[in-house]
Structure formats: C-alpha cells, structure tokens
Amino acid sequence: MNKYLTLATGAAIFVGIPLSAQKSAEEAKTYPAPSEIVAAAKAEEWVAIAPSDLLVMDLAAVPDGKVLKPRRVVIQLMPPPFSQGWIGNIRKLAAAKFWDGTSINRVQDNYVTQWGDASEKKALPAGLAVVPESEYVSDSDSFSRIGARLGPVGRAKTADEAANEAIAAAAKPKSDGTSSDSYTLFTGNVNGWPLASDGAGVWPTHCYGMVGVGRNLSPDSGTGAELYTVIGHAPRHLDRNIALVGRVIEGIEYLSSLPRGTGALGFYEKEEERVPILSVRLGNDAKNMPAFEYLSTESASFAAYADARANRRDPFFIRPAGGADICNIPVPVRRKSVQ
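Just so it is clear, the structure is predicted and the values come from calculations on it, not from any experiment.

Asker: Describe in detail helix α8 (residues 300-310), supporting the description with residues and values.
Answerer: Taken together, the buried positions of α8 are occupied by Ser-301, Phe-302, Tyr-305, Ala-306, Ala-308 and Ala-310. Against α3 (34-39), β6 (186-190) and β13 (290-295) lie the buried residues of α8.

Asker: If you had to explain the pairing of strand β12 (residues 275-282) to someone new, which residues and values would you point to?
Answerer: Among the 8 residues of β12, 6 are classified as buried, and the element is accordingly described as predominantly covered. As paired elements, strand β2 (residues 54-64) and β12 share 5 bridges and run antiparallel to each other. For Asp-58, the partnering residue across the bridge sits in β12 and is Ser-279. Bridging between strand β4 (residues 103-107) and β12 involves 2 bridges; their strand directions are antiparallel.

Asker: Break down the sheet that holds strand β7 (residues 193-197) for me, citing the residues and quoting the values.
Answerer: A sheet is described by the order of its strands in space; here 3 strands give the open sequence β6-β7-β8, paired in antiparallel fashion. If you trace the sheet from one side to the other, it starts and ends with β6 and β8 (202-204), each paired once. Adjacent strand axes in the sheet meet at a mean angle of 35 degrees, parallel and antiparallel pairs treated alike. Inspection of the sheet shows β6 paired to β7 by 5 bridges, in the antiparallel sense. By the bridge assignment, Asn-189 is partnered in β7 with Pro-194.

Asker: Got a sec to walk through the packing of aromatic side chains? Specific residues and values, please.
Answerer: The final tally for this structure, using the stated rule, is 4 aromatic pairs. Here Phe-98 and Trp-99 contribute two aromatic rings whose centre-to-centre distance is 6.0 Å and whose plane-to-plane angle is 80 degrees, an arrangement assigned as edge-to-face. The interplanar angle of 85 degrees and the centroid separation of 5.4 Å between the aromatic rings of Phe-316 and Phe-317 together place this pair among those described as edge-to-face. It is Lys-122 that lies over the ring of Phe-98; its NZ or CZ is 5.5 Å from the centre.

Asker: If you had to explain the side chain of Arg-236 to someone new, which residues and values would you point to?
Answerer: With respect to the secondary-structure elements, Arg-236 resides in the loop between β10 (227-230) and β11 (244-250). A polar contact is formed between the side chain of Arg-236 and the side chain of Asp-239, at a distance of 2.6 Å. Ignoring any residue separated from it by four or fewer positions in sequence, one finds Arg-236 in contact with Asp-181, Tyr-183, Thr-184, Thr-187, Ala-196, Thr-205, His-206, Asp-325, Ile-326 and Cys-327.

Asker: Provide a residue-level description of helix α4 (residues 84-95), including the pertinent values.
Answerer: Relative to the 16 Å expected for 12 residues at 1.5 Å per residue, α4 spans 16 Å between its end C-alpha atoms, a close match to the ideal helical length. Of the positions making up α4, those classed as buried are Trp-86, Ile-87, Asn-89, Ile-90, Leu-93 and Ala-94. The arc enclosing the buried residues of α4, seen along the axis, measures out at 155 degrees, which places them on a common side. Lys-97 sits one or two positions beyond α4 and adopts a positive phi of about 60 degrees.

Quick notes on the rules
- Residues numbered from 1 in each chain as written.
- Predicted model: local features only at pLDDT ≥ 70, side-chain atom pairs only at ≥ 80, totals over all residues.
- Heavy atoms only, no water.
- Buried < 20%, exposed > 50% of the residue type's maximum accessible area, 1.4 Å probe, protein only.
- Helix = DSSP H or I, 4+ residues; strand = E, 2+ residues; numbered from the N terminus.
- Contact = heavy atoms within 4.5 Å.
- Pairing = 2+ DSSP bridges.
- Axes fitted to C-alpha atoms, helices over the stretch in contact; angles between N-to-C directions.
- Phe/Tyr/Trp six-rings, centres within 6.5 Å; stacked < 30°, edge-to-face > 60°.
- Lys NZ or Arg CZ within 6 Å of the ring centre and 35° of its normal.
- Polar contact = N/O pair within 3.5 Å; in protein donor to acceptor, adjacent residues only side chain to side chain.
- Expected span 1.5 Å × (residues − 1).
- Arc of directions from axis to C-beta.

Here it is as structure tokens:
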C-alpha cells in the first residue's frame, strides 16, 4: 500500500472529519448563507413597520384535524411616493369593511391570486379617488431622490456612483451592459422595496408576493376594490401597466396553495369554489396582531445579504451565479414581538 495514501487516510480518520467536509466547514465560515447573514443582523438594522401600514385579511378557516385552522394574510402597504391614490382608496375600503363577505375568485397557475366582490353588486364607499395611469410611475423628482440610488444586485449606490452613473447610463441602450435587468436601466432595493427606473421615473416591480390593483381596459386604472398578488414567476411585463400597492409579508401560503381555477384566466367557475373572506382590516384595527420589521436595505447586513444572494458560495454551491434579478433578492421581513 502507498505509504503516503496510508498517512493521508489515517490523518483524516484521526481527525474524524473527511477532508471535503473540512473544506466545506471552512468555506461556510468565510461565505455564510443569506439566511445566516439575516439572522446575524444587528437589532438597529431592522426597521419597524407601522401597524397602520398593514392590511390584514382573514380567510375562512379550514379543518385541521379536530380543529379549524385560521388563515391570515398580512400585507404591507407601499410608502410614498408610490401608488398613494390607490392606497388611500384601500384604507377607505378597509374602514368601510367592504371586503367582508367577499371572496378569492381567481387563482391562475404561475401568475396571480385575485380577490374582491365576485357579484360586482356591492356598493363602494363614497369618496374613492379616480387615479390616473400616470401614477403607475413616480416622477423625475422622485428619481432625483430615490432612483439615482438604484444599482445592480439590489444594493444602494454611493453618492459618487449615483452622480457618475445615473446620467451616463440613462442615455445608453440596455444591451450595453449598464444593467443586469432585462426590462429597464436600473433596479434595486431602496427604502425596503424592490424598485426600477429608466433614469427619469421610478416604479415598484412585480416580484413574488407583490400586491396590485385589478382593473379593466385603459384608461380604467382600478379603484383598489379588486386586488391580486403574484404567486408565480415575476410578471415584470406588468410593471408600469398596473398599480402596485404592497406586498404579502405573512401568509402567502394561503394564497399560493389554493386550487387553480378552471375558467378563463384562472377564475373559479362555481360559487362554492371561491374562498370566503371573513374580514379585511388595517393593522391597527385588527385583533391579535404581532409587530413586524424589515431589514433596512441601506444597512451593511443587507448589502452582504444581497451579495450572497447573487453569489452563492456557501458549501452546497459549486459556482457563484455572478448576479441576481431584483426579484431574487427579497427584502427580509420578520415578526418582532406580540403587541
């Protein structure tokens, strides 16, 4: 037997850990997984979400053994300057208890789950705004405040990067490599949200779990009474064509796992197929609400997390991808404590 092989094998047995495992453990310390980075984030890097900025939807409970299992979906509403006309309507609809007794009416595979008044006979509360299509995009003023900070891999740019690249990149075609995004020049997570820009305006992106406003054909832009959430591959072609008003931060499984509708566009064809909605309330009006917080997208931990999502180097991965779509860098949200 080769003495060198014997010695090497003996050393590995003596240590008790295969050499390959030793390497993996070493790599794991050097390159933590995204979840490990999030778990190690400092308390001051988390940002509290105001209960008044949450929309809480309780669905009809389902049998779970000998008990009924409640199904609660929690939605975080978008902050200014985005979609505030529709969000104002949503607040009025929730206060009027409009959605109580309505239902989930559409579940289209790899696309969306949609809810509202299937009968289309329920009276809307007075004073809802008619929001113009121009509000799908926040204006150039917003770009100067927010859009110039957008950059690849979901991180916020430095002031120098923003100044040097925003003007130059806006004038170049997408094919020149100034952005890894297929739809526009800039993408990134800023102020806790996935955003995109063409160098003039800024808009939120249709990532998994994002919530939008159902509408009819243009120029109708929807009131907010009909809502949907993305449950499949990000339909980014909807960006700037429909209003995004928030994202599901808890309970997405109650919307993504429903039976698919067999009608056109995934609508349920029979009334008994629809999932009853018991109530929809703003977070400060809902019972038994925990507190939520998100990882600041301007924090050092988020920058490390975004890089790890784009370049997986923890032990399972063989080759880093070298990039990530904006929708593959979801902003971490967690429960904080019971109020």
